[in-house]
Amino acid sequence: QVQLVESGGGLVQPGGSLRVSCAASGSIFSIYAMGWYRQAPGKQRELVAGITSGNRINYADSVKGRFTISRDNAKNTVYLQMNSLKPEDTAVYYCNVVGVVGTPPSHMDVWGKGTLVTVSS
């Protein structure tokens, strides 16, 4: 079984910065991709940023140039550095990990419980 622990959310003023982290633990064999999604009130969940095991990265157009995703493979941890935050970035941010887990190996697609990011003055 795999667990994801997210941290780093909170309240920040417009223009400020915040970093969220997500650590995966358990019987992980390998991780293909890690990513951050967000869901604002009344809206659908959307991809914010993703990073593959080969370090291919993609961002939502709305966060390009402001957010940076990175991962520490040794710690099975993914980070999202968020700069120049805007009120419209307010949402619950969810971590997602896709890979292989367990013995015998099986596919995993796991979601964190979410961490709230509020951008407000």
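Every residue gets a number counted from 1 within its own chain, in the order that chain's sequence is written. Local features in a predicted model are, by the rule used here, given only for residues with pLDDT of at least 70; side-chain atom pairs are given and counted only at 80 or more, and totals for whole chains, interfaces and linings are based on all residues. The side-chain values count all of the structure's non-hydrogen atoms but skip hydrogen atoms and water molecules.

A.B. asks: Looking at this structure, I do not really get the overall build of the protein chain. What am I missing?
C.D. replies: Secondary structure elements are defined from DSSP: runs of H or I of at least 4 residues count as helices, runs of E of at least 2 residues count as strands, and each element is numbered from the N terminus. Regarding its fold elements, the protein chain presents 0 helices and 11 strands. Counting helices and strands in the order they occur from the N terminus, the protein chain gives β-β-β-β-β-β-β-β-β-β-β. We compute the radius of gyration over the C-alpha atoms and compare it with the globule rule, which gives 2.2 Å times the number of residues raised to the power 0.38. Over its C-alpha trace the protein chain gives a radius of gyration of 14 Å, about what one expects of a compact globule, namely 14 Å for 121 residues. Expressed along its principal axes, the backbone C-alpha trace of the protein chain runs to roughly 50 × 25 × 25 Å. When each of the 121 residues of the protein chain is scored for burial, the buried share is 41%. Whether two residues are in contact is decided by their heavy atoms: any pair within 4.5 Å suffices. For the protein chain, restricting intrachain contacts to residue pairs at least 6 apart in sequence, the fraction spanning at least 24 positions comes to 55%. Shrake-Rupley sampling with a 1.4 Å probe provides the accessible areas, and residues are treated as covered by the protein chains on show and by no other component. For the protein chain, the computed accessible surface area is about 6,600 Å², with 49% contributed by carbon and sulfur atoms. Each residue's exposure class comes from its accessible area (1.4 Å probe, protein chains only) as a fraction of the maximum for that residue type: buried when under 20%, exposed when over 50%, partly exposed otherwise.

A.B. asks: Teacher, can you tell me more about the pairing of strand E3 (residues 18-26) here?
C.D. replies: Both faces of the sheet carry side chains from a regular strand, because those side chains alternate between them. If DSSP finds at least two bridges between two strands, the strands pair. Pairing geometry for strand E1 (residues 2-7) and E3, over 6 bridges, is antiparallel. Bridge pairing links serine 7 to serine 21 in E3. Where E3 and strand E8 (residues 77-82) come together, 6 bridges link them in antiparallel fashion. Along E8, the bridge assignment pairs leucine 18 with methionine 82.

A.B. asks: Explanation requested: the side chain of glutamate 6 in the structure shown.
C.D. replies: Along the chain, glutamate 6 turns up in strand E1. Neither His nor the chain ends is counted toward charge; the positive residues are Lys and Arg and the negative residues Asp and Glu. Salt-bridge detection follows one rule: a side-chain nitrogen of Lys or Arg within 4 Å of a carboxyl oxygen of Asp or Glu. Notably, glutamate 6 is buried but unbridged: the nearest opposite-charge side chain belongs to arginine 45, and the N-O separation is 7.9 Å. Any N or O atom pair separated by 3.5 Å or less is treated as a polar contact, with the protein-specific requirement of one donor-capable and one acceptor-capable atom, and with residues adjacent in sequence counted only for side-chain atom pairs. Engagement of the side chain of glutamate 6 in a polar contact is seen with the backbone nitrogen of cysteine 95, the distance being 2.7 Å. Among the polar contacts listed, one links the side chain of glutamate 6 to the backbone nitrogen of lysine 113, at a separation of 3.2 Å. Every residue in contact with glutamate 6, bar those within four places of it in the chain, is listed here: Ser21, Cys22, Trp36, Tyr93, Tyr94, Cys95, Gly112, Lys113, Gly114 and Thr115.

A.B. asks: Please explain the pattern of salt bridges as it appears in this structure.
C.D. replies: Two side chains bearing opposite charge may form a pair once their charged atoms approach each other closely. As enumerated under the stated definition, the model contains 4 salt bridges in all. One salt bridge in this structure joins arginine 38 and aspartate 89, with 3.0 Å as the shortest N-O distance. With a gap of 51 residues between them, arginine 38 in strand E4 (residues 28-39) and aspartate 89 in the loop between E8 and strand E9 (91-101) connect regions that are remote in the sequence.

A.B. asks: I'm lost on the sheet that holds E8 in this one. Help?
C.D. replies: What links the strands of a sheet is backbone hydrogen bonding, and the strands pair in either a parallel or an antiparallel sense. Pairing within the open sheet is antiparallel, and its 4 strands lie in the order E1-E3-E8-E7. On the outer flanks of this sheet lie E1 and strand E7 (67-72), each paired with one strand and no other. The average undirected angle you get between the axes of adjacent strands in this sheet is 15°. Fitting a line to C-alpha atoms yields each axis, with helices limited to the stretch in contact; the angle taken between N-to-C directions then spans 0 to 180 degrees.

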